[in-house]
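So the chains spell out like this:
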Amino acid sequence: MNQTVNVSRNRLRVGMVGLGMIFDETYRPLFEQLHREPLFRPDFGVVQVELSAVASRTGVRAKKYQSSAGDRISPFVNCSGPGAMEELLGQPVDAVCIATPDDRHFDAARRALAAGKHVLIEKPSVLRLQELDELLALAQRNGVLAKVVYHKLADPDHKKLRTHVANGVLRHVNNGYCSLLEPKAISGQQFAEWITGRNPGTYVACHYIKLIDFTFGTPLPSAPVPPCRLARVTATGQRGLVGPAGGPTWDSVQMQMVYAYPDGREAAFDLHTSWVTPDNFPGYVEQEVQFRFDNGVWNAHQRKRGVELTVEGRSPGDFKYTPNHHYNGTFLEPWNESSQRGYGIEILRRFFEEVAYVEFGGPGGDRDKRLQVMRGLLYNDLSADRATVAAVQALEAILNEHAQGRPGASVQVNSPHAGLALIAPQRPEPVVLYQPRV
């Protein structure tokens, strides 16, 4: 049974779980913007969004932010230690944003949804479909939104690709190649504390897993070609730099997703990811895609679309040779106002607009209708994340088999055996990873 969230009129109080790199790059500037200028849309009016509480393991970064922020942000409660999540949920918060390492998303999201809070989770939402099912049930039972951030969907190039597909300009994708490379500082410094047993495919390939499924596997009313569906996943990878050569921690991963059309045709997508690229390579991250259609080819390269910059003594450290100002940048506007913006920030703002619409838009008695409308947004609702989570779950299972000395596994999707069935050369029977249909 749905319940009405107890929110103050025209005010959304937010709890933040995790204060690492992504908080500093995107959430922090957004909260500071919303502190200066509240949200406004005609359908919900003026809404003040406040960072009310934060939860982290040590509280050190939060304390530093509290001491340096000045009047850029309202006072917030710093929750830390083993009971940080419980303490945060004990504060008067209406929505919770989760930006912890990916293998810690589920527990924080589960607790927040069980407490009746709207939730936004950084990508990937969770690592297993069983976890996704539980979160969706909690959101449904408590009448709240459960959303996930794939900020690359708001990249102008990705939006234009989907526009061409929807309009029939590019018809019937046949195959694709996606590459996303992170510098060594990601695995060796920024995330060194949590990468043990992890892989860069789950961490960054999920951006392109979601792009592929959202663009080619989601129904579009005007698209002339019906969507395809995830059919199977294979993967391999390399180890030995950020962990033992025979261990479960991966330097780079190559996976292939095969999608099937209703007529039996298939489209294969190869995704290559790494977090051991040299730190002095030209960009903050190297991103490249190519999709081949019956009637055309789409190529996109994050670095080559931008500018080049060299500052003596500061490049490529403080300033990369090819910065991506589309994602996130600080600017002095022509009218001499300082700003920070980009699609990495804009997509977070959109979540708060969706929550504000549910809670404050239109007559109060229509909240359930507004909730259903916002749940129908397939770019970020957890209900539309099934194929992405299925691919991530398959990748993790395949790499686990490999780490245990059983390479060459694949995962079949919606096979006669199960929704997700792992097939390994050394195993006589399929291993059921998830029984219901994906």
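A.B. asks: Would you take a moment to explain the overall build of the protein for this structure?
C.D. replies: The secondary structure content of the protein amounts to eleven helices and 18 strands. Referenced to the eigenvectors of the C-alpha coordinate spread, the extents of the protein come out at roughly 60 × 60 × 50 Å. Residue pairs in contact within the protein that sit at least 24 positions apart in sequence constitute 68% of those at least 6 positions apart. Total accessible area computed for the protein in this model is approximately 18700 Å², and 52% of it derives from carbon and sulfur atoms. Positive and negative side-chain charges in the protein, numbering 48 and 46 respectively, have mean positions lying 2 Å apart.

A.B. asks: Looking at this model, I keep getting lost on the packing of aromatic side chains. Mind explaining?
C.D. replies: A ring pair, where both rings are aromatic, is described by two values, the distance of the centres and the angle of the planes. Using the criterion set out here, one finds 15 aromatic pairs in the structure. Both rings, one in Phe31 and one in Phe352, keep their centres 5.9 Å apart while their planes meet at 50°; by these two values the pair is tilted. With a gap of 321 residues between them, Phe31 in helix α1 (residues 21-36) and Phe352 in helix α9 (residues 343-360) connect regions that are remote in the sequence. As far as burial versus exposure is concerned, Phe31 and Phe352 are alike and both buried. These aromatic residues form a ring-pair network of at least three members: Phe216, Tyr259, Phe269, Phe291 and Phe293.

A.B. asks: Whenever I open this one, the sheet that holds strand β11 (residues 266-277) confuses me. Can you help?
C.D. replies: Sheet strands line up and pair through hydrogen bonds in the backbone, either parallel or antiparallel. Strand order in the open sheet formed by nine strands is β13-β12-β8-β11-β10-β9-β16-β17-β18, with mixed pairing between adjacent strands. Either end of the sheet is taken by a strand with one partner, and the two such strands are β13 (297-301) and β18 (431-434). For this sheet, the mean inter-axis angle between neighbouring strands, taken without regard to orientation, is 15°. Pairing geometry for strand β9 (residues 229-238) and strand β10 (residues 252-260), over nine bridges, is antiparallel. In the strand pairing of β10, Thr234 is matched with Gln256. Sheet contacts for helix α6 (residues 156-166): β12 (286-293) and β13; angle to β13, the most-contacted strand, approximately 170°. Relative to the sheet, helix α11 (residues 386-403) contacts β9, β10, β16 (410-413), β17 (420-423) and β18, its axis offset from that of β9 by approximately 35°.

A.B. asks: Where do I start with the nonpolar core in this structure?
C.D. replies: Side chains of a nonpolar character, in soluble globular proteins, are inclined to be buried together. Ranked by internal contacts, the top residues of the largest apolar core, which has 136 residues, are Met16, Tyr27, Met257, Leu271, Phe291 and Phe352. Tallying contributions element by element places α9 first for this core, with eleven residues. Residues within four places of Phe352 in sequence aside, it is in contact with Leu12, Val14, Leu30, Phe31, Leu34, Leu39, Val49 and Cys97.

A.B. asks: When you look at the pattern of salt bridges in this model, what are you seeing that I'm missing?
C.D. replies: The full count for this structure, using the stated rule, is 31 salt bridges. Between Arg11 and Glu50 there is a salt bridge, and its shortest N-O distance comes to 3.1 Å. Of this pair, Arg11 sits in strand β1 (residues 11-17) while Glu50 is found in strand β3 (residues 45-56), placing the two residues 39 residues apart along the sequence. According to the relative accessible area criterion, Arg11 is partly exposed, its value standing at 32%. The closest approach of N and O atoms between Asp43 and Arg41, which form a salt bridge, is 2.8 Å.

A.B. asks: Can you walk me through the environment of Arg341 in this structure?
C.D. replies: By the element assignment, Arg341 lies in strand β15 (residues 338-341). For Arg341, a relative accessible area of 39% translates into the label partly exposed. Placed eleven residues apart in sequence, Arg341 and Thr330 show a C-alpha to C-alpha distance of 6.7 Å. Residues in contact with Arg341, not counting those within four places in the same chain, are Tyr327, Asn328, Gly329, Phe331 and Glu333. At a separation of 3.1 Å, a polar atom in the side chain of Arg341 contacts the side chain of Glu333.

A.B. asks: Just checking my understanding: could you explain the pairing of β12 for this structure?
C.D. replies: The side chains of a regular strand alternate, first on one face of the sheet and then on the other. Note that strand β8 (residues 173-183) and β12 share eight bridges and pair antiparallel. Of the residues in β12, the one forming a bridge with Gly176 is Phe291. As defined by bridge partners, β12 adjoins β13 across five bridges and the pair is classed as antiparallel. Bridging across to β13, Phe291 finds its partner in Trp298. Counted along the chain from β12 to the antiparallel partner β13, the turn is three residues long.

A.B. asks: Please explain the environment of Ser67 as it appears in this structure.
C.D. replies: In this fold, Ser67 is placed in helix α2 (residues 60-69). On the basis of relative accessible area, Ser67 is assigned to the exposed category, the value being 63%. At a separation of 2.8 Å, a polar atom in the side chain of Ser67 contacts the main-chain carbonyl oxygen of Lys64.

A.B. asks: Would you take a moment to explain the side chain of Glu286 for this structure?
C.D. replies: Counting through the fold element by element, Glu286 comes out in strand β12. Reaching out from Glu286, the side chain makes a polar contact with the side chain of His301 at a distance of 3.3 Å. Excluding its chain neighbours within four sequence positions, the residues that come into contact with Glu286 are Ser179, Leu180, Leu181, Phe281, His301 and Arg303.

Scoring rules and cut-offs
- Residues numbered from 1 in each chain as written.
- Predicted model: local features only at pLDDT ≥ 70, side-chain atom pairs only at ≥ 80, totals over all residues.
- Heavy atoms only, no water.
- Helix = DSSP H or I, 4+ residues; strand = E, 2+ residues; numbered from the N terminus.
- Contact = heavy atoms within 4.5 Å.
- Areas by Shrake-Rupley, 256 points an atom, 1.4 Å probe, with all protein chains shown as cover.
- Lys, Arg positive; Asp, Glu negative; His and termini not counted.
- Charge placed at Lys NZ, Arg CZ, Asp CG, Glu CD.
- Phe/Tyr/Trp six-rings, centres within 6.5 Å; stacked < 30°, edge-to-face > 60°.
- Buried < 20%, exposed > 50% of the residue type's maximum accessible area, 1.4 Å probe, protein only.
- Pairing = 2+ DSSP bridges.
- Axes fitted to C-alpha atoms, helices over the stretch in contact; angles between N-to-C directions.
- Core = buried A, V, L, I, M, F, W, Y, C linked by side-chain atoms within 4.5 Å.
- Salt bridge = Lys/Arg side-chain N within 4 Å of Asp/Glu carboxyl O.
- Polar contact = N/O pair within 3.5 Å; in protein donor to acceptor, adjacent residues only side chain to side chain.

Bear in mind that shape data such as this cannot, by itself, settle questions of function.
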